[in-house]
Amino acid sequence: MSILTRPRPPATDPASAGDGPPATTRPRATVRSRATDEGFRTTSRRSRIFGWIALGVVVVGTLFPFWWMIRTAFSTNNAMFSDPLSLLPVEFTLGAFERVLGIASTSDALAEGGSGADINFGLYLLNSIIVCVLITVGQVAFSTAAAYAFGVLRWRGRDTVFAIFLVALLVPAIFTLLPNFILVKELGLLNTFLGIALPSIFMSPFVVFFLRQFFLGVNRSILEAAVIDGAGTWRIFYRIAAPLVAPQIVTIAILQFIFYWNDYLWPLLVGQTENSTLLTVGLGIFKSQTPQGSPDWAGLMAGALLAAVPIFILVVIFGRRIIGSIQSSGVK
Amino acid sequence: MLFLIPALIGFTAFFAWPTVRGVALSFTEFNLLRPPEWIGLDNYVAIANDPVFWNSLAVTSEYVLINIGVQTAAALVLAVLLQRFTRSMVVRGVVLLPYLIANVVVALVWFWLADYNLGLINSTLDAVGFDRVGFFGNEALAMPTIALINVWRHLGYTTLLIFAGLQAIPRDVYEAAEVDGAGEARTFFGITLPLLRPVLAFVLVITLVGAFQIFDTIAVTTAGGPVNATRAITYYIYERAFDRFDFGYASAMSVILMLILGAVALIQLRVLRANDSDLER
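Residues numbered from 1 in each chain as written. Chains lettered and ligands numbered in written order. Predicted model: local features only at pLDDT ≥ 70, side-chain atom pairs only at ≥ 80, totals over all residues.

(A) Representation of the overall build of chain B in the model. The secondary structure content of chain B amounts to 12 helices and 2 strands. In chain B, the succession of helices and strands from N to C terminus is α-β-β-α-α-α-α-α-α-α-α-α-α-α. Oriented by its inertia axes, the alpha-carbon framework of chain B measures out at about 75 × 65 × 40 Å. A burial count over chain B gives 44% of its 281 residues as buried. Within chain B, counting contacts between residues at least 6 apart in sequence, those at least 24 apart form 71% of the total. (Helix = DSSP H or I, 4+ residues; strand = E, 2+ residues; numbered from the N terminus. Buried ≥ 20, exposed ≤ 12 C-beta atoms within 10 Å, placed from the backbone. Contact = placed C-beta atoms within 7 Å.)

Next up, the structure:
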């Protein structure tokens, strides 16, 4: 999906985003939930039961496909024929993972219903990690600096430059894709990590916009005190202003990491050699190479699971921040 | 201005310059090997006479209508349910999860679930005595199937945005309605929906612009087929550029797509009066 489908930063209430909001937002949340408790009492018993059933259906409907992915990845391909309806893994095996990680020998892979094609998700996993860390670190660091320049520093033409910056937010991703591909090709960077990372590593207009909101909210008297103490602009940035915005920087870094981890079209164009293939692209190749008549479903799901597990982990650790950030992007 | 230099490089090299270049390329014939050759409006004329292009607009619209329609309605219901029944972060996290997983992964999981021979859905249909359904192989069903897969992926995200909008509606409005004896349905259509309008407008613009650029799911499941049934505009642009090395033609289609997106966003903001809330009147 495009850059435009992502959450938009808050326009007026920077404090409520992220997980670590200033203490002032806490009481409001309590008041709200008490109000809803009252709402519970006015709801009839029947509609409450209906409501919970509906929510249950949604939760099960959301989680079940993930379970089916896990169930399939730990089964053999023969079991797909014999027990297509079994809710638990059939003939439990790690064979699919060995196959997609390139650990299993070709004959083993063929015997278990793999295509025998050379597929190495271990390498793709590593490639994805390197590229996504590279992009996230570069983009968030440079965007933070730019957001500071737009949000805290005062200089002539600032608002004009910022307005021009915002135009970049409106250009759909598909539009810059072809010219950027040509540019990366001209730079001789096709099929390199740098080539994949380059268009995103310097900044994202979205991140600059997002973080600027929070820099605008930083208490100026703290910064002015630092100036009086003789701290330079750079020192104020990384010792005072940036740490104040740290929770938001972490949140946006996680969101951007997930975005680039999931990205498909750009790395499909730019990373086509074995050593520059990212996980999503590898999955696409694996799917297209798998025999039409008897696809290696277990292998496909094992590969898909490898791409999904890092996100599961991030969601478990940072779910609250991610949810808070998305919710705050909706209310203006 | 050291703080701004990296971002300015990025902006100039990878946003501003490619935008200018993309428009310029649309007036050329360019296959990457020889330098671009200026051909004026020829690409646009050819596109106007290209049935595959018009078809791609039609199937993209079909995708957008089904995807956005179902998704927005379902998200509205789900957001109200969340608001009424639970504040649980775990429930919200679960609902959001598919949105955070790669399109490619989601597409593959559903491709497997809906597989004709061995997939769970068809095996179940078969077991209870129905005919198997070729979700991806049937021209009439392929695009709706893809649209619904992406409803599953985006539902949680859309729900959270609407949920946040619901939270912002002041309680006393509801209390007043209750005192006046308004029922559930009347409260929803008379109060909730109108007060939610700015948030809904924002959600619709964001999700629509994204939906028009559908690519990943198509690329890993149907690759545009059967025949042209899922050859959406972005996928067609990709094919023209990277299978047929027709970069000028592809650029011209990108320009058209950008204009369509701009128009759609503008019309929506106008119609839905996104910037003024009924609360302030």
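(B) Structural view of the confidence of the model for chain B. Taken over all residues, the pLDDT of chain B has a mean of 90, while the share at 70 or more is 97%. In the model output, the complex is listed with pTM 0.87 alongside ipTM 0.90. (pLDDT = per-residue confidence, 0-100.)

(C) Main features of the interface of chain B and chain A. Between chain B and chain A, the contact holds 79 residues from the first and 76 residues from the second. When residues of the side of chain B that touches chain A are assigned to their parent elements, the largest contribution, 12 residues, is made by helix α1 (residues 5-25) of chain B. Its residues assigned to classes, the side of chain B that touches chain A comprises 56 nonpolar, 16 polar and 7 charged. (Nonpolar A, V, L, I, M, F, W, Y, C, P; charged D, E, K, R; others polar.)

(D) Quick look at the domain arrangement of chain A. Residues and elements named next belong to chain A. Parsing chain A into structural domains produces domain 1 (20-92) and domain 2 (121-330). Here the C-alpha centre of domain 2 lies 29 Å away from the C-alpha centre of domain 1. Facing 9 residues of domain 1, the contacting portion of domain 2 comprises 8 residues. Mapped by element, the contributors of at least two residues to the side of domain 1 that touches domain 2 are α2 (45-73) and α3 (77-82). Sort the elements by how many residues they give to the side of domain 1 that touches domain 2 and α2 lands first, with 4 residues. Within the side of domain 1 that touches domain 2, the residues separate by chemical class into 4 nonpolar, 5 polar and no charged. (Domains from an automatic or database assignment.)

(E) A look at the environment of Val104(B). As for its position among the elements, Val104(B) is in helix α5 (residues 103-113). Judged by the 27 C-beta atoms lying within 10 Å of it, Val104(B) is buried. For Val104(B) and Arg21(B), which are 83 residues apart along the polypeptide, the C-alpha to C-alpha distance reads 30 Å. Once residues within four sequence positions are removed from consideration, Val104(B) is found in contact with Tyr264(A), Thr280(A), Leu283(A), Gly284(A), Asp216(B) and Val220(B).

(F) Examining unusual backbone geometry more closely. Residues and elements named next belong to chain B. The omega torsion across Gly225 and Pro226 is -10 degrees, close enough to zero to call that bond cis. Positionally, Pro226 belongs in the loop between α10 (216-220) and α11 (233-242). A positive phi is found at Leu32, a non-glycine position, where the angle reads about 80 degrees. Here Leu32 is to be found in the loop between β1 (28-29) and β2 (37-38). The class for Leu32 is partly exposed, based on 15 C-beta atoms found within 10 Å.

(G) Inspection of the packing of helix α15 (residues 279-289) of chain A against α5(B) at higher detail. As a packed pair, α15(A) and α5(B) sit with axes 9 Å apart at the nearest point and diverge in direction by 30 degrees. The pairing of α15(A) with α5(B) is recorded here as roughly parallel in orientation. Within the contact between the two elements, α15(A) uses Thr280(A), Leu283(A), Gly284(A) and Lys287(A) and α5(B) uses Val104(B), Val105(B) and Leu108(B). (Axes fitted to C-alpha atoms, helices over the stretch in contact; angles between N-to-C directions. Parallel < 35°, antiparallel > 145°, perpendicular 65-115°, else oblique.)

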